[in-house]
Structures are given as structure tokens and as C-alpha cells.
Amino acid sequence: MKFNLSDSRLFNKVYLPLLKDDNRYLLLYGGRDSAKSYFAAQKVVIDTMRKPYSRYILLRKIYADIKDSQFQTIKDIISSYGLIDFFTITENPLKITFKPNGNYILARGLDKDYKMKSIKDPTGIWYEEMNEIAFTDFLKSTSSLRGGVIQEIATFNPEMEDSWITSYFFPPKESYERENGNFLKVDSIRKDTTILHTTYKDNQFVTPQSIELLESFKQVDFRYYRIYTLGLWGGALEGLIFQNWDVVDGFPDEEVVYYGLDFGYSNDETGVVKVCFRGDELFVEEVLYKKGLTNQDIG
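Note that residues are indexed from 1 along each chain, following the sequence as it is written. Note on the predicted model: pLDDT of at least 70 is required for a residue's local features to be given, and 80 or more for side-chain atom pairs to be given and counted; whole-chain, interface and lining totals, by contrast, use all residues. In computing side-chain values, all of the structure's heavy atoms are included and hydrogens and water are not.

Note that soluble globular proteins tend to have their nonpolar side chains buried in a common cluster. By convention a nonpolar core is built from buried Ala, Val, Leu, Ile, Met, Phe, Trp, Tyr and Cys residues, the set being connected through side-chain atoms within 4.5 Å. Summary of the burial criterion: residues with accessible area below 20% of their type's maximum are buried, those above 50% are exposed, and those between are partly exposed, where the area comes from a 1.4 Å probe applied to protein chains only. One finds Leu27, Tyr29, Met130, Phe138, Phe156, Phe169 and Phe170 to be the most contacted residues of the largest nonpolar core, which totals 37 residues. Sort the elements by how many residues they give to this core and helix α4 (residues 164-169) lands first, with four residues. Note on contacts: a residue pair qualifies if any of its non-hydrogen atoms lie within 4.5 Å across the two residues. Once you skip the residues sitting within four places of it in the chain, Phe169 turns out to touch Tyr25, Leu27, Met130, Phe138, Trp164, Ser188, Ile189, Arg190, Thr193 and Ile195. Judged by nonpolar contacts, the second largest core, of 33 residues, contains Ala40, Ile74, Trp126 and Leu196. By definition, any uninterrupted DSSP run of H or I lasting at least four residues is a helix, any uninterrupted run of E lasting at least two residues is a strand, and each is numbered from the N terminus.

A cavity, in this analysis, means grid points on a 1 Å lattice covering only the protein atoms where a 1.4 Å probe fits yet has no way out; a pocket is instead an open set bounded by protein on both sides within 12 Å along at least five of seven lines, and a residue lines either one if it has an atom within 4 Å of a point. Grid points are joined across faces, edges and corners, and a volume is the space filled by probe spheres set on the points. Quantified by volume, the second largest pocket comes out at close to 300 Å³. The wall of the second largest pocket is formed by 17 residues, among which Asp33, Ala35, Lys36, Ser37 and Tyr38 lie closest to the centre. Every element with two or more residues in the lining of the second largest pocket is listed here: α1 (36-50) and β7 (151-156). By residue number, the principal contributor to the lining of the second largest pocket is α1, which donates three residues.

On to the sheet that holds β7, then. Taken together, the nine strands give an open sheet; going across it, the order is β3-β4-β5-β2-β6-β7-β1-β9-β8, and neighbouring strands pair in mixed fashion. Each of the sheet's edge strands pairs with one partner strand only, and the pair in question is β3 (87-91) and β8 (185-186). Between N-to-C directions, angles cover 0 to 180 degrees, with each direction set by a line fitted to C-alpha atoms, over the stretch in contact for helices. The strands touched by helix α2 (residues 63-80) within the sheet are β2 (55-60), β3, β4 (94-98), β5 (104-109) and β6 (124-128), with β2 carrying the most contacts at an inclination of about 135 degrees. Running at roughly 160 degrees to β6, helix α3 (residues 135-142) makes contact with β1 (25-30), β2, β6 and β7 of the sheet. For two strands to be treated as a pair, DSSP must find at least two bridges joining them.

With that settled, the discussion passes to the packing of aromatic side chains. Given two aromatic rings, one states the distance between the centres and the angle between the planes to describe the pair. By convention, a stacked pair of Phe, Tyr or Trp rings (six-membered ring in the case of Trp) has centres within 6.5 Å and planes under 30 degrees apart, an edge-to-face pair has planes over 60 apart, and any other such pair is tilted. All told, the structure shown has 24 aromatic pairs when counted by the stated rule. Pairwise contacts between aromatic rings join Tyr25, Tyr127, Phe135, Phe138, Trp164, Tyr168 and Phe169 into one cluster. Any Lys NZ or Arg CZ found within 6 Å of a ring centre and within 35 degrees of that ring's normal is scored as a charge over the ring. Sitting over the ring of Tyr104, Lys95 keeps its end group 4.5 Å from the ring centre. Above the plane of the ring of Tyr168 lies Arg190, whose end atom (NZ or CZ) is 3.6 Å from the centre.

Counting buried residues along β4, four of its five residues qualify, which places the element largely inside the surrounding structure. With five bridges joining them, β3 and β4 adopt antiparallel strand pairing. Residue pairing for β4: Phe87 is matched across the bridge by Phe98. In this structure, the hairpin formed by β3 and β4 is closed by a connection of two residues. Note that β4 and β5 share three bridges and pair antiparallel. Opposite Ile96, over in β5, you have Ile105 as the bridge partner.

Shape is all these values report; function is a separate question.
Laid out in C-alpha cells, this is it:
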């Protein structure tokens, strides 16, 4: 059985070389409306169809967000290609299976109690909004992949320059950034890694209305314009309470520890954080973040 998806008009030209890119890490970042997430979905669908063995995981910080983002985009692509009859799609759990070879795509959220080990031999992950994912969660996820050609795709906007993503994958920004946002490839400090920077100018399908909106940010909020229009590292966005912070490997062993609780139920998550001081440093660890919990559950 053969499927012809060779029509280059289906893709933005800037992403075409990545269809054959087998580097382990494929980072797609930049401004909004650059179609980076759409291409990631295209690649996941095509890999699921063409590879003898492929098991992709759609990963986000919040599980509920996957259904209306990654999962829906993949469904739209399958439908637009006229391939709906060749896939089995379920929404509980979120799973898409390509019938001819049995390859499948599953969803996982970091707010849910799950184990990557429960998926037998996963081969790929698509991290949407990777900038929202903690370094420790990334390490757990990336170390769960094994066997065959492994690929991890990350899509995100460059919101926080001091995030773990920059120190783990990127060289100093002065070596690659251009103030007008017109640059593509970034040479990663990590082997087996491809980094591509794109903006709406790389998206042939972007609408005039979207362009007008993105360019209007320049007059409204220049920092916002740099991040979401030009796709440049803009530092922490205004409104963040803590801007100077780092991810650490473990929580300090201190005698005095505090806990903070924010109640939620059906519409909002209940959150519990563990807090302590060591000298003039504040350490915070997320203990719980989950919807539908009663007072008895929390206790």
C-alpha cells in the first residue's frame, strides 16, 4: 500500500528538509503563526505512516490542553490528506493508530499520574510549549525512549531567556540572533540536534489579518513584539512574579519546611507547593496540581 504525500505545496518550504532529518532532537522555535506546530504534526503523521515501527507521545504540561492543540492538529491533517479511513482515532484515551502497520500516537500530560514506562518502547516525543516543561520532567521523558531511530520534537516560543532550554541546547544568543528576526538555523551546543528559528514570514499560509496583528505589537509592547513576532529571546515577560530563578536537581534537606495550598475543584486545579529557605535562597517544589480533588482527598 502506497500513499503519495510528495506534493511540496502541502508544506512550508523552510520545513521540507526536516522531513528527512533524523537527529534525535529537533527544536522548532520562534514567533507566532510560523506554522512550527503544524509542521511538527505533519512530521509525526508522516513518520507514523512511513516507518516500520513508530510510537509517538504527545506531551504537554497539562493533559487537557493536548486534545485541542496537538491532537486536534493531527486529526485535521489526517482529514485534509483524505486518510481518515486508514486511522483509528479514540478520545478516551487520546490515541491515533495507523491501521496498515499498527504504529500509534498517544497523549500524556505532566499534570496526570502516568508512567512513560507503561508505553512499550516509545520512539518519539513531541513536546508542545516545551518552555512550560521542567528540566526534571524532560530528563525523565527523554530517558524513557529506546531502540530504533529516536526523535524528540520540541515547539515553543522563546519567552524566557534564562530557561533550561537555552543552557542545554543553545550557544550564546549573540552568536546567532539577528535583531530583525531574519535567521533560520542555530548551531546547537549538543550533538544530534537541529534547531530551526522561524517567524510568520516563513509561513506561506499566514493570513493578512494575522500579519497585521503581529506587526501591531511593535507599537503596543516592544518586548511582546520581539518574542511573538520576531521570535527573539526577550527575557521574562512582564507580570511574572519571579524572574530570576533556576531549576535544581533536588529539594534541600532543611529542618524548617513550609507548605502552600490553593484550593480548586472542577474548573481549577488544587495546587500544593513545598517551600524552604537556605540562606538568602528560596526553594519551591510543586507537590500537587490536579483537578477534582475533595478536602478528604487532599488530607
